[in-house]
Amino acid sequence: MDCEHITNDRFNIILEILAAMIELRAKTPQEAAAIVREAKIQQSSAI
């Protein structure tokens with residue numbers, strides 16, 4: 001996903017999905033942080 005060209009609406013949708021995942025799965029702040037870290041976009045190592 002090219003973050004330089006993401007719309008505010010699309011970004012808000014992504015944040016809502018992430019928030020829902022955290023609400024469903026996280027029982028502790030550490031679990032919430034892990035969910036956020038797992039959801040980060042993986043960058044190509046060939047930069």
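Remarks on the overall build of the chain
Of regular secondary structure, the chain possesses two helices and zero strands. Buried residues in the chain amount to 9% of all 47 residues. Accessible area of the chain: about 4,400 Å², with a carbon and sulfur share of 56%.

A word on the environment of alanine 39
Position of alanine 39 relative to the elements: it lies in helix H2 (residues 29-39). Spatially, the C-alpha atoms of alanine 39 and isoleucine 14 are 9.9 Å apart, while their sequence positions differ by 25 residues.

Here is what the cut-offs are and how they apply
- Residues numbered from 1 in each chain as written.
- Predicted model: local features only at pLDDT ≥ 70, side-chain atom pairs only at ≥ 80, totals over all residues.
- Heavy atoms only, no water.
- Helix = DSSP H or I, 4+ residues; strand = E, 2+ residues; numbered from the N terminus.
- Buried < 20%, exposed > 50% of the residue type's maximum accessible area, 1.4 Å probe, protein only.
- Areas by Shrake-Rupley, 256 points an atom, 1.4 Å probe, with all protein chains shown as cover.

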